[in-house]
Amino acid sequence: MTPDTYGPLGAASKIASEVDSVYLFITGIALFFFIVTQGALIYFAFRYRRKKGAEDVETPYITSNSVLEGVWVAIPTILVMSIFIYGYIVWEDMRTPLPGAEEIHVTARQWLFKFTYPDGRETVNELRIPAGQAVKLTMTSEDVIHAFFVPELREKMDILPGRYTYLWLKPERIGTYTIYCTQYCGVGHSQMQATLYVMEPHEYQEWAAKQVEEAEKSMPLAQRGKNLVEQSGCLACHSTDGTIKVGPSFKDLFGSSVKLSDGSTVTADADYIRESILDPGAKIVSGFKNLMPTFKGILKDDDITAIIAYMQTLSARVGVPPAAATAAGPAGQPTIEKGKAVFEGKGCIGCHSTDGTIKVGPTFKGLYGSTVTLSDGKTVKADDAYINESILEPNEQVVKGYSPVMPSYKGTVNEEELQSVILYIKSLK
Amino acid sequence: MSRQQPSIEKNYLNETHGFWSWAYTLDHKRIGVMYLLTILFFFLVGGVLGLLVRLELLEPTNWLVSNQTYNEMFTLHGVIMIFIFVIPVIPSALGNFVIPLLIGARDVAFPRLNIASYWIFVSGVIVLMVSMVHPIDTGWTFYTPYSAKTATSVTIVALGIFLVGMSSILTGLNFIVTIHKLRAPGMSWHRLPLFIWGIYATSIINVLATPVVGVTFLMLLSERLLGFGFFDPSKGGDPLLFQHFFWFYSHPVVYVMILPAMGIISEIIPVFTRKPIFGYKAIAYSSLAIAGAGFLVWGHHMFVAGMSSIATIIFSFLTFSVAIPTGVKVFNWIATMYRGSINLDSPMIYALTFIFLFIIGGLTGPFLGSLATDVHLHETYFLVAHFHYTIMGGTVMGLFAGLHYWFPKITGRMLDEKTAKRAWAFILVGFNVTFFNMFILGFRGMPRRYATYPEKFQSQHIISTVGSWILAAGILIMFYNFIRCIYKGEKAPANPWRGLTLEWTTPSPPPTENFKEIPVVTDWPYSYGKRKDADG
């Protein structure tokens, strides 16, 4: 994994260095023909140029030479076929993913790349791969044809709507590389770039863990609870559909009256469930055995809260809609975090930067409160009302120097998401 | 080798006068001149667009124009250069003028069809210009689904190209019949000048391939106007289908561009070296081989498009097969120069420049034909460089060679040699500075069709832009020379280059009926040098 392992041309993987060998092979053959043909062309042009007064010099009558012509058909044929075969052999490797390659889904749209990892993590315009890990990218597009190109990996593939194409990579040189869209896709084409981070494996693990944590934070609580129930092994003994297994079913459990083995009855409220998870032997349900191990130290307080929220959704006794319980803020409350999620998820990021870079649309950095010059020469202050209108009716007031290409988001974002985005833009000073 | 004096007063230029005598003319020479003027005008328009594209790329950010305007500029540069300039220029303009003269005929087989083709061409061009109201931004390749979705005037452009294509088909048909039926007595197929072989192969491609692109554009129109879903995956269509259709035409069309230019080179080299062309039959039949095999390699434009692996491998193999007949031609031209008496006047230096640049264009082809390396180079500046070396270094240099070679015949005046060589020096230097640089830029990963780009590429973009100015200066000097010499050039003799083809046996400029008497051909047209034995 030393930086120079893969040759002087900047290849960042073993396959890329094999491609470079094909380059050198073709270059050698091309140079041979270049020297022979250009050499003869220039040499003849000087050697046999007509001197003044030699207009009627006699020239030989040569019309063909079958030996020479045979040679210059045979040698090029052999050489170009060898180029074909060599290029084909290396290409076979490029198209055959290593077994066990981790599959990452790539969704392209005008003008961004979205990457979805096997554990559900999602990133926009940012692909991270631990060095030496083989990954297979399964790619599709939501609108027009795009492409995925990393020069240092010598890899490229078009991304089409309505079908999947794939590419596999095993980057080995740690570093930061640009991913370019190379299939012309409209006004934002040249700004449709993403970054590939090839990371030290342990750094990648840390990053992935942090991502998972953050993803969970922003996940609806009940959804997180469901994940925990699945991951912690609860389902081995408890069903969610009413089937009796080793332990009681979770279906309709929350809020019900539970008959215990000592004959008493309790209501399955939050405290009861909490106790059952942390100290399972304290209250045994009638007809079941005391088999369950404690989850004390395994599930944290907020995990238990999430599991309770999930159990609520399984119970007919409490009509708690699962989507209402979100961790990033009470339902209906716009927040900056939600705004950022909408910014990435709904594709704003494809055209608007947050760091001052000019892309297809104006940057969001420092936008709020600034004075904007419109295409008709008028100026307007970028306040809540202006941003609100720009999202719902983008072509009403187009900023000078930009094309009116933004679609209306009316009906695509709800009021909460809209206000969250405005909050997020406000935060980008 | 007769040296006639330009004694005949009446010629095709002065026999009749006035706008209508040109607009309704049936004379292939006048039609050729009208094509030439129309097409060269659009060459300059396309050139200015190319210069603007290069100018914008001086800076990594939009310093001159917006993304949208940049996208429209490179699209129009491509559409104008390909459909209005490179495809028709040699066959329709020079071909129209010289084919009947070269084969010893009084005109083409269907003069009325010929003038109709010209006006269909002009109407197509006018339709294309109407689209400027809302210029298209699809690139000259019109890939769906983008071209089906964009709000720009794809519909109008598609109609314009449809008309221009129809003109190509009719002209191709006319030439095929002319070459079959109107050759002078004694001119057997193996006594046919090689330019005619090139035009013949080109015409076959035009007649067979152009209808396909016509149908493709009709399908695109029905998708845009009637909501059909040929190429729309959400309606069960396939965007790759469009690419297959498009390249089934547009790959053979690169041979439409290059074969006539190769024909010009094959005419000029023997005249200026005083040697018979080496390997006549190999050159003649390789034109037909290229025309045939050219229909089987369209898929090499789609190696990373999502085509099946088997198809990809077969297309790569066939692509390498096409390289052989092309290489053979280059070897033959160089071999013709061996032990010649080489006159380095302007037609010859442009012909040599063609060979020099075309070799570079040709030798960079295997990098794109080879699967492993194409994956990296596809859609980068390497492709842009390769294309310009073959088409501008090839076809356009061949055109310039032909223009310098036949200028005396067309206008009756000689060009100023000194100015011609000065222009050539600028063009050679400017071209290589602009485009050689792009091979390296492409290898480094610079994608094409980018209005903005990462800063690490800037120094090389500056080199290319400066090169484009040198190139433009050379072309301006060349046009200045053309215009000045129409009025002030020396009077041209019938045969200034001592050529043996039939156009040099008639005065410059030729009379309307071309020849006083139809010539009788007794030998092939490359009988230069001293024969050892009697048979030819």
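Residues numbered from 1 in each chain as written. Chains lettered and ligands numbered in written order. Predicted model: local features only at pLDDT ≥ 70, side-chain atom pairs only at ≥ 80, totals over all residues.

### Re the overall build of chain A
Link 1 in the chain: Along its length, chain A carries nine helices and 14 strands.
Link 2 in the chain: Relative to the globule expectation of 22 Å for 429 residues, the C-alpha radius of gyration of chain A, 33 Å, shows a markedly less compact shape.
Link 3 in the chain: Dimensions along the principal axes, computed over C-alpha positions, put chain A at roughly 125 × 65 × 35 Å.
Link 4 in the chain: Here chain A, with 429 residues, has 33% of them falling under the buried criterion. (Helix = DSSP H or I, 4+ residues; strand = E, 2+ residues; numbered from the N terminus. Rg over C-alpha atoms; globule rule 2.2 N^0.38 Å. Buried ≥ 20, exposed ≤ 12 C-beta atoms within 10 Å, placed from the backbone.)

### Looking at the nonpolar core
Link 1 in the chain: Ranked by size, the top nonpolar core spans 250 residues in total, and within it F148(A), I196(B), I265(B), I268(B), A351(B), F354(B) and A401(B) carry the most contacts.
Link 2 in the chain: With 22 residues, helix α3 (residues 67–103) of chain B is the largest single contributor of residues to this core.
Link 3 in the chain: The contact partners of F354(B), leaving out residues within four places of it in the chain, are A261(B), I265(B), G394(B), M397(B), G398(B) and A401(B).
Link 4 in the chain: Counting 13 residues, the second-largest nonpolar core is a separate cluster that includes F254(A), A268(A), I308(A) and Y310(A). (Core = buried A, V, L, I, M, F, W, Y, C linked by C-beta atoms within 7 Å. Contact = placed C-beta atoms within 7 Å.)

### Side note on the sheet that holds strand β8 (residues 165–169) of chain A
All names here are of chain A.
Link 1 in the chain: Pairing is mixed across the open sheet formed by five strands, whose spatial order is β3-β2-β1-β5-β8. Lying at the two open borders of the sheet, with one neighbouring strand each, are β3 (122–124) and β8. Between one strand axis and the next, the sheet turns by 25 degrees as a mean value, whatever way the strands run.
Link 2 in the chain: Relative to β3, strand β2 (residues 112–116) is paired through three bridges, and the arrangement is antiparallel. Residue F115 lies in a different strand from β3, and its bridge partner there is T123. (Pairing = 2+ DSSP bridges. Axes fitted to C-alpha atoms, helices over the stretch in contact; angles between N-to-C directions.)

### So, helix α9 (residues 415–427) of chain A
All names here are of chain A.
Link 1 in the chain: Taking 1.5 Å of rise per residue, the 13 residues of α9 would be expected to cover 18 Å, and the 18 Å separating its terminal C-alpha atoms lies within 8% of that figure.
Link 2 in the chain: Taken residue by residue, α9 has E417, L418, S420, V421, I422, Y424 and I425 as its buried positions.
Link 3 in the chain: In this structure, the buried side of α9 is in contact with α7 (336–345) and α8 (384–392). (Expected span 1.5 Å × (residues − 1).)

### What about the interface of chain A and chain B?
Link 1 in the chain: Chain A puts 71 residues into the contact, and the matching count from chain B is 72 residues.
Link 2 in the chain: Among the secondary structure elements, those contributing two or more residues to the side of chain A that touches chain B are α1 (14–47), α2 (66–95), β6 (146–150), β7 (155–159) and β9 (175–180) of chain A.
Link 3 in the chain: Counting residues per element, the side of chain A that touches chain B draws most heavily on α2(A), which supplies 15 residues.

### With respect to the domain arrangement of chain A
Where interface size is given, it is often the accessible area lost as the parts come together that is meant.
Link 1 in the chain: Structurally, chain A comprises domain 1 (14–51 + 64–95), domain 2 (102–211), domain 3 (221–324) and domain 4 (336–427).
Link 2 in the chain: Computed from C-alpha coordinates alone, the two centres of domain 2 of chain A and domain 3 of chain A are separated by 40 Å. (Domains from an automatic or database assignment.)

### Notes on unusual backbone geometry
All names here are of chain B.
Link 1 in the chain: Following T144, the chain continues into P145 via a peptide bond in cis, with omega recorded as 0 degrees.
Link 2 in the chain: Topologically, P145 is positioned in the loop between α4 (111–130) and α5 (146–149).
Link 3 in the chain: Residue S508 is joined to P509 through a cis peptide bond whose omega torsion reads -10 degrees.
Link 4 in the chain: Along the chain, P509 turns up in the segment after α16 (458–488).
Link 5 in the chain: The phi dihedral of F142 is positive, around 55 degrees, even though this residue is not glycine.
Link 6 in the chain: Relative to the assigned elements, F142 resides in the loop between α4 and α5.
Link 7 in the chain: Residue classification places F142 among the buried positions, given that 25 C-beta atoms sit within 10 Å.

### Thoughts on the environment of F317(B)
Residues and elements named next belong to chain B.
Link 1 in the chain: Within the element layout of this structure, F317 appears in helix α10 (residues 309–337).
Link 2 in the chain: Classification of F317 by C-beta neighbours within 10 Å gives partly exposed; the count is 18.
Link 3 in the chain: Residues F317 and P447 lie 130 residues apart in sequence; the distance between their C-alpha atoms is 26 Å.

### Quick notes on the confidence of the model for chain A
Note: predicted coordinates in regions of low pLDDT should not be interpreted at a detailed level.
All names here are of chain A.
Link 1 in the chain: Within chain A, residue pLDDT values average 86, and 95% of them lie at 70 or more.
Link 2 in the chain: Of all helices and strands in chain A, the one with the weakest mean pLDDT is helix α4 (residues 221–231) (82), whereas β6 scores best (97).
Link 3 in the chain: Taken as a whole, residues 319–329 scores under 50 in pLDDT and shows 27 contacts with residues more than four places along the chain or in a different chain. (pLDDT = per-residue confidence, 0-100.)

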